[in-house]
Amino acid sequence: MASVNDALYCVNHPHRETLLRCNRCGRPVCMDCMQLTDVGYRCKDCISQVRSSFYTAHALDYPIAALVSFGISAIAAPIAGLLAASLGFWGFWIAFLVGPAAGGLLAEIIRQVVGRRRGRYLWLIASAGTVFGVIAGNIGLLLWAGMFPLLHLPMLLFLALALSTVYARLR
Ligand SMILES: [Zn+2]
Ligand SMILES: [Zn+2]
């Protein structure tokens, strides 16, 4: 038989006795105030807290991510493009090998500069920054050396692989 001390009352309904506790905050809650999640029974407060704390990016993180991805791609794209173009057939293999690594490196740099915070649209901003950076870098190279390596297939493959890696890492 449960003594008075053992009885738990729902934090939202002080007169409703319950046997359940939220597995995150430990507060007693009744069946109505409880929800089954992937990680067990939790109170509604905790569920909404976890949900809103998943995306932690600050407003400033987006322009920073855009600038960093733009800057890096604007510098790296002409170099990668020249390499891929000069390697001819081998450019495809290099693109296959280096594309995902380059995208992973870029994603990691972006994660560092935004303090590892997560943002719902971070991957989109970073991808857009990368695309514009690559285009800007190629236009620069066109003006400077009359070359536009972006139109070479290995370069497009390289870009596609790098972008899909950025998406996967920052999503
Ligand atoms: Zn809770
Ligand atoms: Zn309740």
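Quick note: structure is the one above.
Scope of this entry: the structure provided in the associated data block. (Residues numbered from 1 in each chain as written. Chains lettered and ligands numbered in written order. Predicted model: local features only at pLDDT ≥ 70, side-chain atom pairs only at ≥ 80, totals over all residues. Heavy atoms only, no water.)

A word on the coordination of the zinc ion (ligand 1)
Line of reasoning, step 1. Taken together, the protein ligands of the zinc ion (ligand 1) are Cys22 (SG), Cys25 (SG), Cys43 (SG) and Cys46 (SG), with distances of 2.3 Å.
Line of reasoning, step 2. In this structure, the zinc ion (ligand 1) is coordinated by 4 donor atoms arranged in tetrahedral fashion, with angles at the metal of 104 to 116°.
Line of reasoning, step 3. The partly exposed category is assigned to Cys25, whose relative accessible area is 36%. (Donors = N, O, S within 2.8 Å, 3.2 Å for Na, K, Ca; no water. Tetrahedral: all angles 85-135°; square planar, octahedral: opposite > 155°, others 65-115°. Buried < 20%, exposed > 50% of the residue type's maximum accessible area, 1.4 Å probe, protein only.)

A few points about the coordination of the zinc ion (ligand 2)
Line of reasoning, step 1. Protein ligation of the zinc ion (ligand 2) involves Cys10 (SG), His13 (ND1), Cys30 (SG) and Cys33 (SG), the donor distances falling in the range 1.9 to 2.3 Å.
Line of reasoning, step 2. Every donor counted, the 4 donor atoms about the zinc ion (ligand 2) form angles of 105 to 116° at the centre, which fits tetrahedral coordination.
Line of reasoning, step 3. Summarised as a motif, the one-chain spacing of the donors to the zinc ion (ligand 2) is C-x2-H-x16-C-x2-C.
Line of reasoning, step 4. Note on Cys10: relative accessible area 2%, which makes it buried.
Line of reasoning, step 5. A residue is classified by how much of its surface remains accessible, and His13, at 28% relative accessible area, is partly exposed.

Digging into the pattern of salt bridges
Line of reasoning, step 1. A full pass over the atoms with the stated rule returns 5 salt bridges.
Line of reasoning, step 2. Measuring nitrogen to oxygen at the nearest pair gives 2.5 Å for the salt bridge that ties Arg16 to Asp32. In this pair, Arg16 is assigned in the loop between β1 (8-9) and β2 (17-18) and Asp32 in the loop between β2 and β3 (34-37), connecting sequence segments 16 residues apart.
Line of reasoning, step 3. Residue classification places Asp32 among the partly exposed positions, given a relative accessible area of 48%.
Line of reasoning, step 4. When the shortest N-O distance is used, the salt bridge between Asp45 and Arg27 registers 2.9 Å. Pair noted here: Asp45 is in helix α1 (residues 44-54) and Arg27 is in the loop between β2 and β3, with a separation of 18 residues, a long-range link.
Line of reasoning, step 5. Residue Asp45 is classed as partly exposed on the basis of its relative accessible area of 41%. (Salt bridge = Lys/Arg side-chain N within 4 Å of Asp/Glu carboxyl O. Helix = DSSP H or I, 4+ residues; strand = E, 2+ residues; numbered from the N terminus.)

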